[in-house]
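# Results of the structural survey
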Amino acid sequence: MPQGSSQSAGPHRVVLIVDDNSNPFEMSCAIEVFGLRRPELGRELYDFRLCAAGPRTRMRDGFFTLTDVAGLEAAEEADTLIVPNRPDTGTPRAGAVLDAVRRAHARGSRLIGFCSGAFTLAEAGLLDGRRAACHWMWAESFRARFPRVRLEPDVLFVDDGDILTASGSASALDLGLHVVRRDHGAEVAGAVSRRLVFAAHRDGGQKQFVERPLPEVPDESLGPLLAWAQERLGEPLTVADLAARAAVSPATLHRRFRAQLGTTPLAWLTGERVALACRLIERGEERLDVVAARSGLGTAANLRARLRRETGLSPSAYRRRFGPAAGEPVMA
């Protein structure tokens, strides 16, 4: 059963609470990641529902009013509960909503906050002493109101076990895909990201605010270089090799990675290799030395260390959880 699940039978239940003045974008991100049917995978990943405290919920700035969704009683059955977010962070959340969030946490449900959803979790008293992310625009006010929370203001998202928070609008997709990867493995997360036409993996520790200046001529996009490197992960690629391929110095390459991806060339390369190792294990490769060699991680010892750091699981535990079961087809 995926981490964060309760005892419910059937697909993992994900419930999103929508509150007055909630942002439509994050709601749509949750629907896209957790709510759509995925016939290409041959199974349903989640049972997704929306719920609200009242029969009519006015969305942000009155763009539209949401009706005909379940009441807060739906939150009582959630394995994962996505808490409401909204731009008016100074307005207290409804007591009934906060109570529903607290009850979900008390019975072991996983909690997710997108963008200003961290304010909801903090108001419920569930983030004291814990790590969290929120949008950089609200970092100062968040710290002032909730000094006991260990805010990480310059990251895309924070996975603190049973409570996960994403910093801003687009990072809701990053966190959503991270949850899919955590629940179902890298192969399934990659399939979901392809359907979204979205980057399959951006590490939570990447910066929120990435400078994206208009490209000069010649085009300095990293896209061609990344595609070239992804086809050669099993080779002994180094940052110097990437710089040589891009015909720039390592220092210039480092600046471009920081500006365009919010990470370093080495961190990106390592993350891609770990993701490839996960896919190989999921496809049934049991020889750790082969997985390490084909993914470019070198040795089985390095594979074990990197996989545990990225997923919290040893290779054998990852295989038991995400590897192909007897008789099941392996994804190509």
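For the structure on display, the rule yields 20 salt bridges. The salt bridge partner of D61 is R60, with a shortest N-O separation of 3.6 Å. For R60, a relative accessible area of 31% puts it in the partly exposed group. The network of salt bridges with common partners includes R130, R131, E152, D160 and D162.

What follows concerns the sheet that holds strand β6 (residues 110-114). Read across the open sheet, the six strands follow the order β2-β1-β5-β6-β10-β9; overall the sheet is mixed. The sheet terminates laterally at β2 (46-52) and β9 (157-159), the two strands that pair on one side only. This sheet shows a mean twist of 15° between the axes of neighbouring strands, independent of strand direction. Note: strand β1 (residues 12-18) against β2, seven bridges, orientation parallel. Residue V15 lies in a different strand from β2, and its bridge partner there is R49.

A few words on the side chain of T120. Position of T120 among the secondary structure elements: in helix α3 (residues 117-123). Only 2.7 Å separates the side chain of T120 from the backbone oxygen of P84, close enough to count as a polar contact. Those residues in contact with T120, other than ones at most four positions away along the chain, are V83, P84, R93 and L98.

Attention shifts here to the environment of Q230. Along the chain, the position of Q230 falls in helix α7 (residues 223-230). For the pair Q230 and L276, spaced 46 residues apart in sequence, the C-alpha to C-alpha distance is 9.3 Å. With sequence-adjacent residues up to four places away left out, Q230 is seen in contact with W268 and E272.

This part covers the packing of helix α6 (residues 186-196) against helix α10 (residues 265-282). Put simply, α6 and α10 touch, their axes get as near as 8 Å, and they point 110° apart. Here α6 is positioned roughly perpendicular relative to α10, judged by the angle of their axes. Residue-level inspection shows A186, E187 and V188 of α6 in contact with α10, the latter providing A275, C278, R279 and E282. Broken down by class, the residue content of the contact of α6 with α10 amounts to four nonpolar, no polar and three charged.

As a further point, take the side chain of D19. Following the sequence through the fold, D19 ends up in the loop between β1 and α1 (24-35). Of the polar contacts made by the side chain of D19, one reaches the side chain of R86; its length is 3.1 Å. When residues no more than four places from it in sequence are discounted, the contact partners of D19 are T57, R58, P84, R86, R93, A94 and V97.

What follows concerns the confidence of the model for the chain. When pLDDT is low, close inspection of the predicted coordinates is not appropriate. Model confidence for the chain is summarised by a mean pLDDT of 85, while 88% of its residues fall at 70 or above. The lowest-confidence element of the chain is α6, averaging 85 in pLDDT; the highest-confidence one is strand β5 (residues 80-83), averaging 97. Within the model, pLDDT remains below 50 along residues 204-219, and this stretch shows 31 contacts once partners closer than five positions in the same chain are excluded. Within the model, pLDDT remains below 50 along residues 326-332, and this stretch shows nine contacts once partners closer than five positions in the same chain are excluded.

Turning to helix α12 (residues 300-311), a few remarks are in order. With 12 residues, α12 extends 16 Å from end C-alpha to end C-alpha; this agrees with the ideal 16 Å at 1.5 Å per step. Taken together, the buried positions of α12 are occupied by A300, L303 and L307. Projected down its long axis, α12 shows its buried positions confined to an angular sector of 50°, all on one face. Away from the buried face of α12 by more than 90 degrees, exposed residues A301 and R309 are located. Looking at the packing, one finds that the buried side of α12 touches α10, α11 (288-295) and α13 (315-322).

At their nearest, the axes of α10 and α12 sit 10 Å apart, and the two run at 95° to each other. When the axis of α10 is compared with that of α12, the two are roughly perpendicular. Together, T270, V274, A277, C278 and I281 of α10 and L303, R306, L307, E310 and T311 of α12 make up the contact between the two elements. A breakdown of the residues in the contact of α10 with α12 according to their chemical character gives six nonpolar, two polar and two charged.

A two-sided burial pattern is seen for β5, the buried positions comprising T80 and I82 on one face and L81 and V83 on the other. Pairing analysis gives three bridges linking β1 to β5, with the strands arranged parallel. Among the inter-strand pairings, V15 is bridged to a residue of β5, identified as L81. The sheet contact formed by β5 and β6 spans four bridges and is parallel. Bridge pairing in β6 links I82 to I112. Handedness of the crossover joining β5 and β6 through helix α2 (residues 95-106): right-handed.

Another aspect to go through is the pairing of β1. For β1, the tally of buried residues reaches six of seven residues, placing the bulk of the element in the interior. In the classification by handedness, the crossover that spans β1, the intervening α1 and the parallel β2 is right-handed.

What counts and what doesn't
Residues numbered from 1 in each chain as written. Predicted model: local features only at pLDDT ≥ 70, side-chain atom pairs only at ≥ 80, totals over all residues. Heavy atoms only, no water. Salt bridge = Lys/Arg side-chain N within 4 Å of Asp/Glu carboxyl O. Buried < 20%, exposed > 50% of the residue type's maximum accessible area, 1.4 Å probe, protein only. Pairing = 2+ DSSP bridges. Helix = DSSP H or I, 4+ residues; strand = E, 2+ residues; numbered from the N terminus. Axes fitted to C-alpha atoms, helices over the stretch in contact; angles between N-to-C directions. Polar contact = N/O pair within 3.5 Å; in protein donor to acceptor, adjacent residues only side chain to side chain. Contact = heavy atoms within 4.5 Å. Parallel < 35°, antiparallel > 145°, perpendicular 65-115°, else oblique. Nonpolar A, V, L, I, M, F, W, Y, C, P; charged D, E, K, R; others polar. pLDDT = per-residue confidence, 0-100. Expected span 1.5 Å × (residues − 1). Arc of directions from axis to C-beta. Right-handed = clockwise from strand over helix to strand, strands pointing away.

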